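Survey of secondary and tertiary structure
Listed here are the chains, written in short residue letters.
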Amino acid sequence: QWTGLNDLREKYLSFFESKGHLRLPSFPLIPKDDNSLLLINSGMAPMKKYFTGEVTPPRKRVTTCQKCIRTPDIERVGITARHGTFFEMLGNFSFGDYFKKEATAWAWEFFTKVLEMPADRLYISIYQDDDEAFDIWTKQNGVDPSHMVRLGREDNFWEHGSGPCGPCSEIYFDRGEKYGCGKPTCGVGCDCDRYVEVWNLVFTQFENDGNNNYTPLDHPNIDTGMGLERLACVMQGVDNLFLVDTVQNIMKHISRIANVQYGADEKSDVSLRVITDHIRSTTFMISDGVMPSNEGRGYVLRRLLRRAARHGRLLGINHPFLADVVDTVIHENECAYPELREKSAMIKKVIAFEEENFYKTIDKGFALLNDIIDRTDAKVLSGEDAFLLSDTFGFPIDLTKEILSEKGMSVDEDRFRALVLQQRETARASRKNAGADAWAGDSDVLDDIAKTEFVGYTGMKATAKVT
Ligand code: ATP
Ligand code: MG
Ligand code: MG
Ligand code: MG
């Protein structure tokens, strides 16, 4: 039955408290004493030292709702129904205490008893060789074997270099045929939005010595992660994450400012969803102490803000507006994150400043482009000029092309893309020396952010074509 996002969070945490877990607040988005990761991207990330044994956990059973940022998913945001750069991850953790039997039984109890999800809509994936998990799910928990799916290493074995690792098992919700891609191969693990992965249970039971020799751990661990917005999406029966109760109110605010109705047009819907996502991630990042800059986390923040501002332009908004939307983000989240209210003035100031700079820069870019157009007889803008516009003045290539086409001109796109690639290679090489490694999962963050300069917009076009 319909349950609000805030109620779902509470139901989950109190359920695991009733199973002996200690409830901890979300850790900040900036990792502490860990330079392998730019931003916290899962519930387990801030607890690595409890898993490795370096630090003793306050209790062997812990449950949290963790703020997460996943910039590697940025190109999917607004396109799929289920990805955000910001989301909350619910998790229950066992540090050498309970294992597979309890973790799966409680997950099943929470879904089918507490939330009363219909079992016939649920599917379970396991790692192909994990017969133990198959037996537990089907015999102990009573899952219909026809709802069990075995998947390969890539999806269902959790491992980052050497160290603790193990198979995982995911719970999928079947949202029905209308969300399917229609391909004959469509099923659990398909990339479309029909079977949505809601919960991932990781069974950390081996130690990899670095040469792929696996020895069983004496005290295996449990690490689970479930996207709160995904759970709410499924429970509320809405199309995508951005229509979940609390998130939807943010999108409505943007829709009012832009005077654009959600649902009127696929292209503007993508922009509405992207802005909704990015304003959530940036509000939380600033609240946790990230400041705009040209490197690291600050660079991620700056790019997200610029991208949101650009999508605002695409919706026809011609003035800074993001700081106003922050009010709604805070209103919708302050019950769980009261610090947002305390930092409200600071968050809005940072965003307003960045946005004003963005507008100044893009106006300079307009002036430059018009100047080039006036001065030249050529019909093709050089890749170098297009790159300068994109890199220095924040012009997406599509915007450059649009302006040029009004003057009967085009752009040397091949050269432009070669220059973008070249810049990305240089950035990657310089980061290699910075020594970030292992457990990371987001070492490509900056690449992905850089790519959004144009890939994001290409992605948008692709969707528009599909519909
Ligand atoms: P997917 O395959 O759908 O990209 P994932 O396998 O990358 O998800 P995990 O790393 O297993 O995700 O994270 C645990 C849970 O967190 C997922 O089962 C999902 O519910 C949620 N989640 C992961 N990525 C996102 C995201 N970008 N936005 C919202 N929720 C997410
Ligand atoms: Mg993913
Ligand atoms: Mg997955
Ligand atoms: Mg997963």
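Only a predicted model underlies this, so the values are computations on that prediction, with no experimental measurement involved. Residue numbers here run from 1 along each chain, matching the order of that chain's written sequence. Throughout, the order in which chains and ligands are written sets their labels, letters from A for the former and numbers from 1 for the latter. Side-chain atom pairs in this predicted model are given and counted only at pLDDT of 80 or more, local residue features only at pLDDT of at least 70, and totals for whole chains, interfaces and linings cover all residues. Processing note: side-chain calculations cover all non-hydrogen atoms of the structure and skip hydrogens and water entirely.

Below, the discussion takes up the site of ligand 1. Nearness here has a simple test: a residue counts as near a molecule or strand if at least one of its heavy atoms is within 4 Å of that partner. Every one of the 15 residues lining ligand 1 counts as a neighbour, but Asp-73, His-83, Glu-197, Asn-200 and Arg-230 are closest to it. Here a polar contact is recorded for every N or O atom pair within 3.5 Å, except that within protein the pair must consist of a potential hydrogen donor and a potential acceptor, and residues adjacent in sequence are included only if both atoms are side-chain atoms. Between ligand 1 and Arg-82 there is a distance of 3.5 Å, counted from a nitrogen atom to a backbone nitrogen or oxygen. Measuring from a nitrogen atom of ligand 1, one finds a backbone N or O atom of Gly-84 at 2.9 Å. For ligand 1, whose unbound accessible area comes to 590 Å², protein coverage reaches 82%. Applying the majority rule of atoms within 2 Å of the grid points places ligand 1 in the largest pocket. Here a strand is any run of E in DSSP of at least two residues, a helix any run of H or I of at least four, and the numbering for each starts at the N terminus. For the shell around ligand 1, the secondary structure elements donating two or more residues are β3 (86-94), β8 (195-208) and β9 (214-227). Residue contributions to the shell around ligand 1 peak at 4 residues, all from β8. Charged means Asp, Glu, Lys or Arg here, nonpolar means Ala, Val, Leu, Ile, Met, Phe, Trp, Tyr, Cys or Pro, and polar covers whatever is left, Gly included. Per-class residue counts for the shell around ligand 1 are 5 nonpolar, 5 polar and 5 charged. Every accessible area reported is derived by Shrake-Rupley at a probe size of 1.4 Å, with residue values counting cover from the shown protein chains alone. Buriedness for pockets is judged along seven lines, at least five of which must meet protein on both sides within 12 Å for an open set on the 1 Å grid over protein atoms alone, while cavities are sets there where a 1.4 Å probe fits but cannot get out, and lining residues have an atom within 4 Å of a point. Cavities and pockets are treated as containing a molecule whenever more than half of the molecule's atoms lie within 2 Å of their grid points.

Let's shift gears to the nonpolar core. The set of buried Ala, Val, Leu, Ile, Met, Phe, Trp, Tyr and Cys residues whose side-chain atoms join them within 4.5 Å is what this entry labels a nonpolar core. Exposure categories follow from relative accessible area, calculated using a 1.4 Å probe and restricted to protein chains: below 20% of the type maximum is buried, above 50% is exposed, and the middle band is partly exposed. Counting residues in each nonpolar core, the largest one holds 104 residues, and the members touching the most others are Phe-111, Trp-137, Trp-199 and Leu-231. The element that contributes the greatest number of residues to this core is helix α12 (residues 344-375), accounting for 9 residues. These domain boundaries are the output of an automatic or database domain assignment. Two domains each donate at least three residues to this core, and these are domain 1 (5-236) and domain 2 (244-434 + 445-466). Any two residues having at least one pair of non-hydrogen atoms within 4.5 Å are treated as being in contact. If near-sequence neighbours (up to four positions away) are discounted, Trp-199 is found in contact with Tyr-12, Phe-16, Asn-92, Ala-107, Phe-110, Phe-111, Ser-169, Glu-170, Ile-171, Thr-224, Gly-225 and Met-226. In terms of nonpolar packing, the next biggest core, distinct from the first, is built from 11 residues, Met-44, Met-47, Phe-95 and Cys-168 among them.

Grid points are joined across faces, edges and corners, and a volume is the space filled by probe spheres set on the points. Its volume calculated, the largest pocket comes out at about 1,400 Å³. In this structure, the largest pocket is lined by 44 residues; those nearest its centre are Arg-70, Asp-73, Glu-170, Glu-197 and Asn-200. At the level of elements, β3, α5 (153-156), β6 (157-158), β7 (163-174), β8, β9 and α6 (228-236) are the ones that each hand at least two residues to the lining of the largest pocket. Its residues assigned to classes, the lining of the largest pocket comprises 18 nonpolar, 11 polar and 15 charged.

Each residue carries a pLDDT value, the predictor's own confidence for that position, ranging from 0 to 100. Summary statistics for the chain give a mean pLDDT of 89 and a share of 92% for residues scoring 70 or more. pLDDT under 50 marks residues 434-467. Its contacts with residues more than four places away, or in other chains, come to 77 contacts.

Let us now look at the domain arrangement of the chain. Segmentation of the chain into domains returns domain 1 (5-236) and domain 2 (244-434 + 445-466). On a C-alpha basis, the centroid separation for the pair domain 1 and domain 2 is 31 Å. Both faces combined, the contact of domain 1 with domain 2 buries some 2,600 Å², and carbon together with sulfur accounts for 64% of it. For this analysis, a salt bridge means a side-chain nitrogen from Lys or Arg found within 4 Å of a carboxyl oxygen belonging to Asp or Glu. Summed over the shared surface of domain 1 and domain 2, the result is 3 salt bridges. Between Lys-67 and Glu-339 there is a salt bridge, and its shortest N-O distance comes to 3.3 Å. Remark: the boundary between domain 1 and domain 2 carries 12 residue pairs in polar contact (both at pLDDT 80 or more). Elements with a minimum of two residues in the side of domain 1 that touches domain 2: α1 (5-18), β2 (61-69), β3 and α6. Per-element accounting of the side of domain 1 that touches domain 2 gives the leading share, 4 residues, to α6. Looking at the side of domain 1 that touches domain 2, its residues break down into 17 nonpolar, 7 polar and 5 charged. The term buried area denotes the loss of accessible surface (1.4 Å probe radius) that occurs when two parts are joined, taken as the sum for both partners.

What follows is about the pairing of β2. Most of β2 is tucked away, with 8 of its 9 residues classed as buried. Only when DSSP finds a minimum of two bridges between them are two strands counted as paired. With 3 bridges joining them, strand β1 (residues 22-24) and β2 adopt parallel strand pairing. The residue of β2 that forms the bridge with Arg-23 is Thr-63.

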